Amino acid sequence: MKIIDCCAAPGGKTFYIAEKMQNKGQLISCDIYEHKLKKIDEGAKRLGFDCIKTRLANSEVYQPELEKWADVVMCDVPCSGLGIIRKKPEIRFKTDEELSALPEIQLSILKNCANYVKIGGSIVYSTCTILQRENQDVVNAFLKENKDFVLEPFNHSVCGQTDGMITLLPHLHKTDGFFIAKLRRKS
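Residues numbered from 1 in each chain as written. Predicted model: local features only at pLDDT ≥ 70, side-chain atom pairs only at ≥ 80, totals over all residues. Heavy atoms only, no water.

### Section: the pairing of strand β2 (residues 26–31)
The test is simple: Only protein chains enter the accessibility calculation, which uses a 1.4 Å probe; a residue is then buried when its area is under 20% of its type maximum, exposed when over 50%, and partly exposed in between. Think of it this way: any DSSP run of H or I at least four residues long counts as a helix, any run of E at least two long counts as a strand, and we number them from the N terminus. Strands pair, by our definition, only if DSSP identifies at least two bridges between them. A crossover counts as right-handed when, viewed with the strands pointing away from the observer, the path leading from the first strand over the helix to the second turns clockwise.
For β2, the tally of buried residues reaches 5 of 6 residues, placing the bulk of the element in the interior. Pairing geometry for strand β1 (residues 2–5) and β2, over 4 bridges, is parallel. Note that in β2 the partner of K2 across the bridge is Q26. Pairing of β2 with strand β3 (residues 52–56), which is carried by 5 bridges, proceeds in the parallel orientation. The residue of β3 that forms the bridge with S29 is T54. Read as a crossover between parallel neighbours, the route from β2 over helix α2 (residues 34–47) to β3 is right-handed.

Below, the structure written as structure tokens:
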């Protein structure tokens, strides 16, 4: 498989994906910070993953060489982090200005990275927040503008079958707050 992790730092998702791929195929791990990519490179070397290639990239900026290249694109986008506030209590000090700008950035990343999904491939959009404006609203806005993508139902280990989107809530699912959506590019 060919996979892109578009907002990869600090690398946990990249390493998990590489493990699931059994270190076969190609995995491009992108981030906007060079020092974070260095840590991903070091981790990949330590773990023996040679399928991982890091790339300095802003996920809002189009990379034509990746057009319809990937079987799967992972978009774990920058978010308010309100789903993990008990682990990072400093999140409560984010300003309204910081928070209100996020959905536009998230949608921009999703729209750009969708260009990299091959026909029949999928994109996973995720956040560590429970706010609808950063989750369902972003996915629905994307689907409204991109008719060649549809929600794809998937099975989740905690909640079972989904309609293509799921919000994990601490009080219900005994986990931090997360959102996951899976979209497939129609053939």
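### Regarding α2
The condition is simple: By this rule, a helix spans an expected 1.5 Å times one less than how many residues it contains. To be clear, the arc concerns the directions from the helix axis to the C-beta atoms. Here a residue-residue contact requires only that any non-hydrogen atoms of the pair lie within 4.5 Å.
The first and last C-alpha atoms of α2 sit 20 Å apart over 14 residues, in line with the 20 Å expected at 1.5 Å per residue. Along α2, the residues classified as buried are L37, I40, G43 and A44. The arc that holds every buried residue of α2, seen down its axis, measures 120°, which confines them to one face. Residues of α2 that are exposed and point more than 90 degrees away from the buried face comprise E34, K38, K39, K45 and R46. Its buried side turned inward, α2 meets α1 (12–20), β2 and β3. Where α2 ends, the next residue or the one after it, G48, has phi of about 80°, a positive value.

### As for the UniProt feature "domain: SAM-dependent MTase RsmB/NOP-type" (unreviewed entry) in the protein
Quick reminder of the rule: UniProt positions are given in the numbering used here, feature names are shortened, and annotations may be inferred rather than shown by experiment.
UniProt records the feature "domain: SAM-dependent MTase RsmB/NOP-type" (unreviewed entry) for residues 1–186 in the present numbering. Between the end C-alpha atoms of residues 1–186 the distance is 18 Å, and the span holds 30% helix and 28% strand.

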